[in-house]
Amino acid sequence: MAEAPDDLDKLLTDVRKTISENKQFLEKLVDETIEDDPAPEDEAGGITVKEDFEEL
(Lines give C-alpha, C1' and ligand atoms only; values in the text may rest on other atoms or scores of the structure.)
Protein backbone atom coordinates (compact mmCIF):
# COMPACT_ATOMS: atom_id res chain seq x y z
CA MET A 1 0.00 0.00 0.00
CA ALA A 2 3.02 2.27 0.43
CA GLU A 3 3.37 2.27 -3.34
CA ALA A 4 0.13 4.18 -3.87
CA PRO A 5 1.42 7.58 -2.68
CA ASP A 6 4.58 7.15 -4.77
CA ASP A 7 2.53 6.22 -7.82
CA LEU A 8 0.22 9.19 -7.28
CA ASP A 9 3.18 11.56 -6.90
CA LYS A 10 4.71 10.21 -10.12
CA LEU A 11 1.38 10.54 -11.94
CA LEU A 12 0.91 14.10 -10.67
CA THR A 13 4.44 15.02 -11.79
CA ASP A 14 3.80 13.54 -15.24
CA VAL A 15 0.50 15.40 -15.58
CA ARG A 16 2.09 18.73 -14.60
CA LYS A 17 4.91 18.14 -17.09
CA THR A 18 2.41 17.37 -19.86
CA ILE A 19 0.36 20.47 -19.05
CA SER A 20 3.50 22.61 -19.11
CA GLU A 21 4.61 21.14 -22.45
CA ASN A 22 1.14 21.67 -23.95
CA LYS A 23 1.08 25.28 -22.72
CA GLN A 24 4.48 25.95 -24.30
CA PHE A 25 3.37 24.32 -27.55
CA LEU A 26 0.18 26.40 -27.70
CA GLU A 27 2.04 29.64 -26.92
CA LYS A 28 4.54 28.88 -29.70
CA LEU A 29 1.72 28.03 -32.10
CA VAL A 30 -0.11 31.28 -31.30
CA ASP A 31 3.09 33.29 -31.77
CA GLU A 32 3.73 31.65 -35.16
CA THR A 33 0.12 32.24 -36.21
CA ILE A 34 0.32 35.91 -35.27
CA GLU A 35 3.55 36.30 -37.25
CA ASP A 36 2.09 34.57 -40.32
CA ASP A 37 -1.31 36.27 -40.26
CA PRO A 38 -1.45 39.95 -39.28
CA ALA A 39 -4.46 41.10 -37.26
CA PRO A 40 -7.53 41.55 -39.47
CA GLU A 41 -8.92 45.02 -39.86
CA ASP A 42 -12.53 45.78 -39.02
CA GLU A 43 -14.86 47.70 -41.33
CA ALA A 44 -13.81 51.07 -39.89
CA GLY A 45 -10.20 50.34 -40.86
CA GLY A 46 -8.93 49.79 -37.33
CA ILE A 47 -7.13 46.71 -36.13
CA THR A 48 -9.19 44.35 -33.99
CA VAL A 49 -8.03 43.54 -30.48
CA LYS A 50 -6.70 40.03 -29.88
CA GLU A 51 -8.79 38.19 -27.32
CA ASP A 52 -7.01 36.77 -24.30
CA PHE A 53 -7.05 33.03 -23.77
CA GLU A 54 -8.57 31.75 -20.58
CA GLU A 55 -5.99 29.92 -18.48
CA LEU A 56 -7.22 26.68 -17.02
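Residues numbered from 1 in each chain as written. Predicted model: local features only at pLDDT ≥ 70, side-chain atom pairs only at ≥ 80, totals over all residues. Heavy atoms only, no water.

Asks: How do you make sense of the pattern of salt bridges when you look at a structure like this?
Replies: Here the structure, examined in full by the defined rule, presents one salt bridge. Two residues, K10 and D14, come together in a salt bridge whose shortest N-O distance is 3.2 Å. Pair noted here: K10 and D14 are both in helix 1 (residues 3–36), with a separation of four residues, about one helical turn. By relative accessible area, K10 is classed as exposed at 53%. Classification of D14 as partly exposed rests on a relative accessible area of 33%. (Salt bridge = Lys/Arg side-chain N within 4 Å of Asp/Glu carboxyl O. Helix = DSSP H or I, 4+ residues; strand = E, 2+ residues; numbered from the N terminus. Buried < 20%, exposed > 50% of the residue type's maximum accessible area, 1.4 Å probe, protein only.)

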